[in-house]
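A structural walkthrough
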Amino acid sequence: MTHLAKISAVLLLLACAVRAQVASTPRPGPAVIDESTRWTRCNTTRNVYDFQMSQLDGRFTDLTAYRGKVLLIINVATFCAYTQQYLDFNGIIDRYKAQNFTILAFPCNQFYLQEPAENHELLNGLMHVRPGNGWKPHTDMKIFGKLEVNGANHHPLYEFVKGVCPQTVNDLGIMEELMYNPVRANDVTWNFEKYLIDRKGVPRFRFHPTAWSNGRVVTPYIEQLLRERA
Ligand SMILES: *[C@@H]1O[C@H](CO)[C@@H](O)[C@H](O)[C@H]1NC(C)=O
Ligand SMILES: *[C@@H]1O[C@H](CO)[C@@H](O)[C@H](O)[C@H]1NC(C)=O
């Protein structure tokens with residue numbers, strides 16, 4: 001064996017060892033179960049309309065365009081076990097859009113680096129990778145630019161909702177999977193945590209990512225807020 005061949009062989013072995021280790025590691029994040037009791041009530045009268053949010057094209061906008069609507073705010077990621085929840089979103093929007101409901105999605109890369117794409121690549125990832133098979137977001141569903149939900153640079157919108165909506169679980173997760181610092185007790189727990197906002201823009205309910213069941217856990221609360229006046 002030449003020197004170079006030996007080095008390549010060692011590198012190949014190392015690569016396989018790393019691969020084997022990754023394969024035997026349990027899936028990151030909370031277990032994929034349905035848990036209908038992991039939600040809390042928020043306590044505030046302040047609305048979310050003034051927060052400045054970056055869009056996929058880099059331009060900023062506030063949320064005043066959503067006045068009068070019930071909003072489900074979700075931090076999303078393309079390479080997560082929960083990414084299949086996207087498949088439920090379009091149907092829920094179709095069911096409630098006439099009553100002025102929509103979903104606002106905020107991509108975030110802070111949970112095990114599961115949203116690595118650049119803003120301009122994100123929609124292609126959804127269409128061709130996961131959920132894939134040509135999947136497209138509902139035309140009423142707004143996918144914003146990437147942001148940070150936790151840590152030193154958490155976005156002010158997330159700083160606000162985390163501050164007024166109590167944590168839904170006791171355990172935040174495994175340190176090595178949380179790509180931010182500092183870790184705080186009220187942090188967003190993982191991708192696909194949800195905040196439900198009423199017609200006045202006020203956060204009302206917080207749902208853990210596992211409180212979903214194809215939307216069945218959250219839709220009664222959507223319906224409750226849709227019955228309220230703006
Ligand atoms: C809600 O917030 C108000 C004002 O901060 C506080 O006085 C009240 O105790 C809170 N209620 C609950 C149920 O936490
Ligand atoms: C939905 O919003 C539009 C525009 O603000 C309004 O005209 C309409 O009455 C609303 N519909 C419901 C069911 O709230």
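The shown structure was predicted, so the numbers you read here are calculated from the model rather than taken from an experiment.

Moving on, we come to the sheet that holds strand β8 (residues 203-207). Pairing is mixed across the open sheet formed by six strands, whose spatial order is β1-β8-β7-β4-β5-β6. Across the chains shown, the open sheet's two edge strands, defined by having one partner strand only, are β1 (39-41) and β6 (142-143). Note: strand β4 (residues 70-76) against strand β5 (residues 101-107), seven bridges, orientation parallel. Looking across to β5, one finds that L71 is bridged to T102. Those strands touched by helix α5 (residues 219-226) are β4, β5, β7 (194-197) and β8, and its axis lies near 145° from that of β4.

Time to look at the UniProt feature "active site" (unreviewed entry) in the chain. Under the UniProt annotation, the feature "active site" (unreviewed entry) is placed at C80. Relative to the assigned elements, C80 resides in the loop between β4 and α2 (86-96). Given 23 C-beta atoms within a 10 Å radius, C80 is considered buried. When sequence neighbours within four positions are dropped, the list of residues in contact with C80 reads G29, Q114, N191 and F192.

Cut-offs and rules
- Residues numbered from 1 in each chain as written.
- Chains lettered and ligands numbered in written order.
- Predicted model: local features only at pLDDT ≥ 70, side-chain atom pairs only at ≥ 80, totals over all residues.
- Pairing = 2+ DSSP bridges.
- Helix = DSSP H or I, 4+ residues; strand = E, 2+ residues; numbered from the N terminus.
- Contact = placed C-beta atoms within 7 Å.
- Axes fitted to C-alpha atoms, helices over the stretch in contact; angles between N-to-C directions.
- UniProt positions renumbered as here; feature names shortened; annotations may be inferred.
- Buried ≥ 20, exposed ≤ 12 C-beta atoms within 10 Å, placed from the backbone.

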